[in-house]
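# Coordinate analysis (summary)
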Amino acid sequence: MLNLVLFGPPGAGKGTQSEKLIARYGFVHISTGDLFRWHTANNTELGLRVKEIMNSGELVPDSITIDMLNEELKKNPDAKGFLFDGFPRTVAQAEALDKFMAEKGTAIHKVVALDVSEQEIRDRIAKRKLTSNRADDEDDKLNKRINEYFTKTVHVLPFYEKQGRLQTVNGIGEIDVIYGNLCAAIDS
Ligand code: AMP
């Protein structure tokens with residue numbers, strides 16, 4: 001069993017790379033962002049609780065996120081491996097994930113971080129803005145998400161680095177080159 005966390009800021013290309021990695025390695029894909037969007041779109045009790053928070057671009061509280069993730073793990077008892085995308089975003093989430101994996105008799109084997117600087121992310125968004133007509137509140141939300149990443153989520157990296165589980169891959173360049181480097185990091 002191989003379990004992987006794909007890490008990186010909003011706009012780093014995690015979604016695109018996740019799809020390619022799933023096709024190659026057969027991971028069960030767990031994206032907490034997708035799960036929250038499903039709940040809000042379907043107006044579930046959980047969806048109603050997190051809608052406002054998501055709309056603001058802030059992180060959903062750990063307790064809600066961790067419980068949702070645990071439910072999702074229970075739905076996939078026979079998975080050959082998991083790819084976590086957008087989770088963990090805090091050290092508390094990373095610790096909870098280790099605990100859940102240990103309970104399953106497995107572990108998070110690797111954390112692969114797409115390295116894209118804050119400036120590069122902001123440049124990409126500024127470029128995108130020239131061709132799209134995002135509303136101002138969409139821009140505010142995106143800014144908030146970027147801030148949440150660079151002020152809160154980055155602290156998860158040293159947690160994994162200290163344990164020798166972190167590998168960093170340059171996230172700037174051609175999609176297929178980045179994909180090749182990700183596969184090399186996973187297979188190493
Ligand atoms: P994403 O598509 O992964 O960027 O997630 C969209 C939104 O869902 C985020 O801006 C957060 O509000 C929420 N979210 C997703 N994953 C998490 C997480 N691991 N912890 C807290 N909030 C999250």
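Note that the structure is a prediction, hence the values are computed from the model and not measured.

The environment of the ligand is formed by 14 residues, the closest being T32, R37, E58, G86 and R145. Note that an oxygen atom of the ligand is positioned 2.6 Å from one of the backbone N or O atoms of E58. Across the complex, the protein chains shield 93% of the 480 Å² of accessible surface that the ligand would expose by itself. When each cavity is represented as a set of grid points, the ligand is found to reside in the largest pocket. Among the residues forming the shell around the ligand, the class breakdown is five nonpolar, five polar and four charged.

A few words on the packing of helix α2 (residues 32–41) against helix α4 (residues 62–74). For the pair α2 and α4, interaxial distance at closest approach is 11 Å and the crossing angle is 95°. As judged from the angle between their axes, α2 and α4 are roughly perpendicular. Touching T32, L35, F36 and H39 of α2 are I64, T65, M68, L69 and E72, all from α4. Class assignment for the residues of the contact of α2 with α4 results in five nonpolar, three polar and one charged.

Membership of the largest hydrophobic core comes to 32 residues, with the highest contact counts inside it found for V5, F7, L69, L73, F84, L97 and Y160. Where this core is concerned, the elements lending two or more residues are β1 (4–7), α2, α3 (45–56), α4, β3 (82–85), α5 (91–103), β4 (110–115) and α8 (156–162). Ignoring sequence-local partners within four residues, the contact set of F7 consists of K14, P88, V111, V112, A113, L114, Y149, T153, V156 and L157.

Right, let's talk about the layout of surface pockets for a bit. One way to see where empty space is left: roll a probe the size of a water molecule over the atoms. Here the largest pocket is characterised by a volume of approximately 800 Å³. Forming the walls of the largest pocket are 39 residues, and the residues nearest its centre are G33, R37, M54, R89 and R145. Looking at the lining of the largest pocket, the elements that each hand over two or more residues are β1, α1 (14–25), β2 (28–31), α2, α3 and α7 (136–151). The biggest single contributor to the lining of the largest pocket is α2, with six residues.

Spatial strand order, β2-β3-β1-β4-β5: five strands in an open sheet with parallel pairing. Each end of this open sheet is capped by a strand with a single partner; those strands are β2 and β5 (166–170). Strand-to-strand twist in this sheet, taken as the mean axis angle between neighbours without regard to direction, amounts to 20°. In this structure, β1 lies alongside β4, joined through four bridges in parallel fashion.

Cut-off values and rules
- Residues numbered from 1 in each chain as written.
- Predicted model: local features only at pLDDT ≥ 70, side-chain atom pairs only at ≥ 80, totals over all residues.
- Heavy atoms only, no water.
- Near = heavy atom within 4 Å.
- Polar contact = N/O pair within 3.5 Å; in protein donor to acceptor, adjacent residues only side chain to side chain.
- Areas by Shrake-Rupley, 256 points an atom, 1.4 Å probe, with all protein chains shown as cover.
- 1 Å grid on protein atoms, 1.4 Å probe; cavity = no way out; pocket = protein on both sides within 12 Å on 5 of 7 lines; lining within 4 Å.
- Sits in = over half its atoms within 2 Å of the grid points.
- Nonpolar A, V, L, I, M, F, W, Y, C, P; charged D, E, K, R; others polar.
- Axes fitted to C-alpha atoms, helices over the stretch in contact; angles between N-to-C directions.
- Helix = DSSP H or I, 4+ residues; strand = E, 2+ residues; numbered from the N terminus.
- Parallel < 35°, antiparallel > 145°, perpendicular 65-115°, else oblique.
- Contact = heavy atoms within 4.5 Å.
- Core = buried A, V, L, I, M, F, W, Y, C linked by side-chain atoms within 4.5 Å.
- Buried < 20%, exposed > 50% of the residue type's maximum accessible area, 1.4 Å probe, protein only.
- Points joined across faces, edges and corners; volume = space filled by probe spheres on them.
- Pairing = 2+ DSSP bridges.

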